Amino acid sequence: MPDVYLQVALDVPLQRTFDYRFEGELPVPGLRVIVPFGRQLLCGVIVQVDTQFAGTAGLSVEQLKTVHEVLHDMPPLPNNVLALCRFCSDYYAWPLGQVIAAALPGAFRQPQAWQGGKELAYYAAADAAALLQHVPARARRQQELAALLAAPRSLDEIRAISPSATGWLKAWLEEGRVVEVVAPTALHGAPLTPALPELTEEQQTALTQLEAAHGYAPFLLFGVTGSGKTEVYLRAIEQRLAAGGQVLVLIPEINLTPQLEARFKARFPQERMVSLHSGLADGERTRNWLLAAQGRARIVLGTRLAVFAPMPNLALIVVDEEHDLSYRQQEGFRYSARDVAVYRARQANVPIILGSATPSMESWRNMRESRYRLLTLKQRAVTGARAPQIQLLSTQQLRLFDGLTQNAITAIRETLGQGGQVLVFINRRGYAPVLACHECGWIASCKRCTSRLVLHREDRRLRCHHCGWESPPPMHCPDCGNADLQPLGFGTQRLEETLADLFPDTPPLRIDRDNTRRKGSLDAMLQQIHKGEARLLVGTQMMAKGHDFANLQLVVVLNADAGLFSLDFRAQERLYALLLQVAGRAGRAGQPGKVLLQTRYHDDPFYPMLISGDYAAFADRTLQERKANLLPPYSTWAMLRAEAKTLQRATSFLREVRERWREFPGLHMAQPVPALMVRKAGWERAQVLISAQRRPAMQAVLRDMLETLGAEKHPGVRWALDVDPVDV
DNA sequence: AGCACGCCGACT
DNA sequence: GTCGGCGTGCTC
């Protein structure tokens, strides 16, 4: 048997694959292997099989180690998923092995065979016809078993054929004629035909277009809250399921799975559906992943990691709330599941629906330039759903009492007095210490870039994160002379105390990331709210999503301005989405809630577009601004981040890198700046913004940097590239 | 990332 | 006298 040479992708932070020798039956790419690596045994995935050693530079055949074991506990990762991983590895400048590792459930990242399927094991013929032919015609019982194994069968069913059945099974397993498959999960219930809600005219129009689509066809489903986007998804899914396909549904967060899962189960009781998200136990996630890979789960509902699940009959992708930042993985392998999903739809040649009430500028541009088809839902399909009334309270004209206007205090008192619930919402998202004059509204901005300057408290310097310009903060406001310059959003920390003082009879309940970290604590708080025990709620963005409170009549929004003038150019669209979502929390059926929005900048053009609910106008204007300033999506960005024991070391590394690549054609590299969070776990961090007008120039420089820097030694410095960064 | 090897401080 | 601190070097 001739030697085979395997290229193996390993879960190590090294920008290359590793070659191994293997003696035995020809394996296929996508299979898991256990290989010796240094002094350890690691698990990897075969990405290429050669019958001749292609010869990696400076490596002879003799130096190759031998594969320890080829594992057959999972079907080989299909070529399309491998190709998807390769694309991501290229695009996001991340080692292939680590991309593949991210695409696999935990059990398949271990350097040992997965045992979890045993007790639930089912068996089926690898090739039903071939198995039947293999069995001698006179061996009636064996013929019977072979026929049975055309579909997956449990050991119980197999034993029922004959006492010797398990023996035959064992032999066939060894010969590879029969394979072990994962147990099918129970179906959701008896088939029934639920009464379908009647579609609005808009929904019907959207659906007609979706149903007519074949091949790659991206759709932007633009629909306000309550306009019935989900019903459109369900109908489109129904059609693709009926045609025998599998459907991938991506949602932003785990918290939203139970609701949506219940709705899907009720709608498709006879279809097998699995969920895939990081909240699942390892065994369950592995089983669900396998069911998707075998084509037996027809609906896969999951968070961003699900975008990599193998699905042999993929026929439709749905990305709900496509603008949501949760689709971006923010550490390690940084990717945008929404963008990967679009690539995957093209690769699989299937339609994709990107749904949102507040689409991302990237998708909006694609729609405006006719790359995506627009499906609009303007009417509210849900009976009683009505747009909330938003009213601005100008903190310029009204006096503040510990951050609250008298009007807000009065409104809160009235609502509580009538027995209603109130949410005081603090916008912390997009928060960056942007220096402002609270008297006249002046905001420290860069004279060269028009972007906001960021106040770094450590050394009391103002810095531009786009070009690197810096200066000490001014002592007085350059416009009005006011000496009290404070970062926007300053002072919201004391809000809870202030509210407790103002409303001693209704103790405020604060809900944020910090006090809901413990498992179950969020549920307990939500219960309190539903029972009406807590009526004055203080919350951050996690309160904006998903949770509906029937008695919530008033929402007071504080500190919207921090989002309005964040240094992050994407902050406004996020603020719009956030405020729209928060506003949607208020109001009972048939009775719109009231939203009070405190702002210093009440005459900013942003607010009329928010209050009228005209997101299209806002998006078009925002896009124009982006185009005029050559900001994404009209240019492409990447962030080179470095950390070292001292900021000095990190910065000098970045300066040196900048000197070497700044002349690269079609490219601009900014000066290094300290990261927003300078110190983290004993490391000090800095970054350089790279921008290019054209994607190929960016790809070229990233590849070049990666190769060059990867081959060099930079002692004491850890660096990484972040493509399409969201935090700048 | 691991996991070695390699040279300098407080402990059985 | 050793156990172990983490600097740096390598992994087909």
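Residues numbered from 1 in each chain as written. Chains lettered and ligands numbered in written order. Predicted model: local features only at pLDDT ≥ 70, side-chain atom pairs only at ≥ 80, totals over all residues. Heavy atoms only, no water.

Under an unreviewed UniProt entry, the name given to chain A is Replication restart protein PriA, and the organism recorded is Silvimonas terrae.

Enquirer: What should I look at first to understand the packing of helix 8 (residues 229–242) against helix 9 (residues 257–267) in this one?
Expert: In a pair of packed helices, the angle between the axes and the distance between the axes together describe the arrangement. For the pair helix 8 and helix 9, the least separation of the axes is 12 Å and the interaxial angle reads 45°. By the angle class used here, helix 8 and helix 9 are oblique. As helix 8 packs across helix 9, the resulting crossing turns out to be right-handed. Two secondary-structure elements touch here, helix 8 through T230, E231, L234, R235, I237 and E238 and helix 9 through L260, R263, F264 and R267. Counted by class, the contact of helix 8 with helix 9 contains 4 nonpolar, 1 polar and 5 charged residues. (Axes fitted to C-alpha atoms, helices over the stretch in contact; angles between N-to-C directions. Helix = DSSP H or I, 4+ residues; strand = E, 2+ residues; numbered from the N terminus. Parallel < 35°, antiparallel > 145°, perpendicular 65-115°, else oblique. Left-handed = near helix turned anticlockwise from the far one by under 90°. Contact = heavy atoms within 4.5 Å. Nonpolar A, V, L, I, M, F, W, Y, C, P; charged D, E, K, R; others polar.)

Enquirer: Even after reading the chapter, I still don't get the protein's contact with DNA strand C, so can you show me in this structure?
Expert: Near DNA strand C lie 14 residues; those nearest to it are D19, F37, G38, L59 and K65. Backbone atoms, meaning sugar plus phosphate, form 48% of the atoms of DNA strand C positioned within 4 Å of the protein. Secondary-structure elements contributing two or more residues to the surface near DNA strand C are strand 2 (18–23) and strand 3 (32–37). Broken down by element, the surface near DNA strand C gets its largest block of residues, 3 residues, from strand 2. (Near = heavy atom within 4 Å.)

Enquirer: I'm lost on the sheet that holds strand 17 (residues 389–394) in this one. Help?
Expert: Strand pairing in a sheet relies on backbone hydrogen bonds. The paired strands run either parallel or antiparallel. One open sheet holds the 6 strands; their spatial order is 17-31-28-20-27-26, and the pairing between them is parallel. The sheet is open, and its two borders are formed by strand 17 and strand 26 (508–511), each paired with just one other strand. Strand-to-strand, the axes of this sheet are offset by a mean angle of 20°, without reference to chain direction. Summarising the sheet, strand 20 (residues 421–426) and strand 27 (residues 536–539) pair through 4 bridges and their orientation is parallel. Within strand 27, the residue paired with V424 across the bridge is V538. The strands touched by helix 14 (residues 495–502) within the sheet are strand 20, strand 26, strand 27 and strand 28 (552–558), with strand 26 carrying the most contacts at an inclination of about 160°. (Pairing = 2+ DSSP bridges.)

Enquirer: Would you take a moment to explain the UniProt feature "binding site: Zn(2+) 1" (unreviewed entry) in chain A for this structure?
Expert: Residues annotated in UniProt with the feature "binding site: Zn(2+) 1" (unreviewed entry) correspond here to C437, C440, C477 and C480. These annotated residues cover 44 residues of sequence, and their C-alpha atoms lie no more than 8.6 Å from one another, placing them together at a single site. Take C437: it is sitting in strand 21 (residues 435–437). Judged by relative accessible area, which is 0%, C437 ranks as buried. Excluding its chain neighbours within four sequence positions, the residues that come into contact with C437 are W442, C477, C480, N482, L485 and Y601. Looking at the secondary structure, you find C440 in the loop between strand 21 and strand 22 (453–456). Non-local contacts of C440, meaning those with residues more than four positions away in its chain, are made with C477, D479, C480 and R600. (UniProt positions renumbered as here; feature names shortened; annotations may be inferred. Buried < 20%, exposed > 50% of the residue type's maximum accessible area, 1.4 Å probe, protein only.)

Enquirer: Explain the sheet that holds strand 22 to me, please; I cannot follow it from the model alone.
Expert: Strand order across the open sheet formed by 3 strands is 22-23-24, with antiparallel pairing between neighbours. Among the strands making up the open sheet, the edge pair consists of strand 22 and strand 24 (470–471). Both strand 22 and strand 23 (residues 461–464) contribute to a ladder of 4 bridges, which runs antiparallel. Its bridge partner being in strand 23, L455 is matched across the sheet by L462.

Enquirer: Sorry if this is basic, but what is going on with the packing of aromatic side chains here?
Expert: One pair of aromatic rings is described through two measures. These are the centre distance and the angle between the planes. For the structure shown, the criterion picks out 23 aromatic pairs. Ring geometry for Y91 versus Y92: centroids 4.7 Å apart, planes at 75°, classification edge-to-face. On the basis of relative accessibility, which here comes to 15%, the residue Y91 falls in the buried class. Each member of the aromatic cluster is reached from another via a ring pair, and the members are F87, Y91, Y92, F308, F333, Y335 and Y343. Taking the ring centre of Y601 as reference, the NZ or CZ of R600 above it sits at 5.4 Å. (Phe/Tyr/Trp six-rings, centres within 6.5 Å; stacked < 30°, edge-to-face > 60°. Lys NZ or Arg CZ within 6 Å of the ring centre and 35° of its normal.)

Enquirer: What is the right way to look at the protein's contact with DNA strand B in this model?
Expert: Within the structure, DNA strand B sits among P13, R39 and Q40. The sugar-phosphate share of atoms of DNA strand B within 4 Å of the protein amounts to 50%. Q40 is positioned with one of its side-chain polar atoms (N or O) 3.4 Å from a sugar or linking oxygen of DNA strand B. (Polar contact = N/O pair within 3.5 Å; in protein donor to acceptor, adjacent residues only side chain to side chain.)

Enquirer: Would you mind showing me how to read the pairing of strand 28 here?
Expert: One face of the sheet, then the other: side chains in a regular strand alternate in exactly this way. The buried fraction of strand 28 amounts to 7 of the 7 residues, a majority that puts the element mostly inside the structure. Across 6 bridges, the pairing between strand 20 and strand 28 is parallel. The residue bridging V422 from the neighbouring strand is L554, located in strand 28. With 4 bridges joining them, strand 28 and strand 31 (residues 594–599) adopt parallel strand pairing. Directly across from V556, in strand 31, lies its bridge partner L596.

Enquirer: What is the right way to look at the environment of Q63 in this model?
Expert: Checked against the element boundaries, Q63 lands in the loop between strand 4 (40–50) and strand 5 (65–66). Sequence-wise, Q63 and Y601 are 538 residues apart; in three dimensions their C-alpha atoms are separated by 68 Å. In terms of polar contacts, Q63 uses its side chain to reach the backbone amide nitrogen of S60, at 2.9 Å.

Enquirer: What is the right way to look at the packing of helix 4 (residues 140–148) against helix 6 (residues 165–175) in this model?
Expert: Across the interface, helix 4 lies against helix 6 with an axial gap of 11 Å and an inter-helix angle of 60°. With respect to helix 6, the axis of helix 4 lies oblique. As for the relative orientation of helix 4 and helix 6, their crossing is right-handed in sense. Of the residues in helix 6, those touching helix 4 at R141, Q142, L145 and A146 are A165, W168 and W172.

Enquirer: Whenever I open this one, the UniProt feature "binding site: Zn(2+) 2" (unreviewed entry) in chain A confuses me. Can you help?
Expert: UniProt feature "binding site: Zn(2+) 2" (unreviewed entry): in the numbering of this structure it lies at C446, C449, C464 and C467. On the basis of their most widely separated C-alpha atoms, the annotated residues across 22 residues gather in one place, lying no more than 8.8 Å apart. Position of C449 relative to the elements: it lies in the loop between strand 21 and strand 22. Classification of C449 by relative accessible area gives partly exposed; the value is 25%.

Enquirer: Please clarify how the environment of W289 should be interpreted in this entry.
Expert: Relative to the elements of secondary structure, W289 occurs in helix 10 (residues 282–293). W289 sits 215 residues away from M74 along the chain, and the two C-alpha atoms are 10.0 Å apart. For W289, the residues in contact, after removing those within four places along its chain, are M74, L77, A103, L104, P105, F108, L276, A309 and P310. Polar side-chain contacts of W289 include one of 3.4 Å to the backbone oxygen of A103.

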